[in-house]
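# What the coordinates show
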Amino acid sequence: MKALTPSLQVQRKKRHGRNHAVSNRSAAPPPSANCWMPPSIPANAKVSRGAVQHHFGSRDSLLAAVVSDLGQSLTVSNPIENDLPLLRRLDAAIDRDWEIFSNPQFLAVIQIWMAERGNAKLFPDIQRMVRDVETDLDKQWAEALEDSELSEREIVALRHVVLSSLRGLALRTVSIGRNATWEKELEMLKRMVRQLLIDPGQ
């Protein structure tokens, strides 16, 4: 995979600080309407409470930014290198997505998705952001694997299977702990999808 440029490295460090802060929100009491930001958020992000309030303005804006950053990480930070051999392209795409889903940022976003389902103002925006990211990723995979034996529709379906598998492994980490390793499972996933690309009739 292509190395991150210095500017992308800086952006990722900034995102990590903010998303690490939000991923620890569950340790704090639920915020009230008049105090929407637990002290852990500015503390973990190493910025002042005033700086967070000034930048985001509201609790919903902060949560929406975390969801948006995950989408940008998936679609912008490390695009699939289409000049690699087919199977290496596939492996690189899976590795790239797993790098994001295995990060605490993804678990923070899952918490936001579940907690804000009843938020009539914020949740439709979250759904829109997720749909936009999914559409972009479908297009990236279809273009990257267009020289395979699969149709575009089949490539998109394959990505959805991979996505579900990676999300599942990330969620299993919650119950098993951060020391869990999934090398064997990831390699098995790659072997299965490689076979589909090589011989989809099997």
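Everything that follows concerns the structure shown earlier in this document.
Residues numbered from 1 in each chain as written. Predicted model: local features only at pLDDT ≥ 70, side-chain atom pairs only at ≥ 80, totals over all residues. Heavy atoms only, no water.

Residues spaced three or four apart along an α-helix face the same direction, because each turn holds 3.6 residues. If you check helix 6 (residues 104-115), its first and last C-alpha atoms are 17 Å apart, about what twelve residues at 1.5 Å a residue would give, namely 16 Å. Sitting at the head of helix 6, asparagine 103 places a side-chain oxygen 2.8 Å from the backbone nitrogen of glutamine 105. (Helix = DSSP H or I, 4+ residues; strand = E, 2+ residues; numbered from the N terminus. Expected span 1.5 Å × (residues − 1). Polar contact = N/O pair within 3.5 Å; in protein donor to acceptor, adjacent residues only side chain to side chain.)

In this section: the packing of helix 7 (residues 123-144) against helix 8 (residues 152-176). Working note: a packed helix pair is described by the angle between its axes plus the distance between those axes. Put simply, helix 7 and helix 8 touch, their axes get as near as 9 Å, and they point 120° apart. The angle between helix 7 and helix 8 falls in the class oblique. Between helix 7 and helix 8 lies a crossing of right-handed hand. Only Glu152, Ile155, Val156, Arg159, His160, Val162, Leu163 and Arg167 of helix 8 make contact with helix 7, whose side of the interface consists of Glu134, Leu137, Asp138, Trp141 and Ala142. Among the residues forming the contact of helix 7 with helix 8, the class breakdown is seven nonpolar, one polar and five charged. (Axes fitted to C-alpha atoms, helices over the stretch in contact; angles between N-to-C directions. Parallel < 35°, antiparallel > 145°, perpendicular 65-115°, else oblique. Left-handed = near helix turned anticlockwise from the far one by under 90°. Contact = heavy atoms within 4.5 Å. Nonpolar A, V, L, I, M, F, W, Y, C, P; charged D, E, K, R; others polar.)

Our focus in this paragraph is the pattern of salt bridges. For the structure shown, the criterion picks out eleven salt bridges. Ionic pairing is found between arginine 59 and glutamate 116, a salt bridge with its closest N-O pair at 2.5 Å. Here arginine 59 is found in helix 4 (residues 59-77), whereas its partner glutamate 116 is found in the loop between helix 6 and helix 7, with 57 residues between them in sequence. With a closest N to O distance of 3.2 Å, arginine 194 and glutamate 187 form a salt bridge. When salt bridges that share partners are traced, they join Glu134, Asp138, Arg159 and Arg167 into one network. (Salt bridge = Lys/Arg side-chain N within 4 Å of Asp/Glu carboxyl O.)

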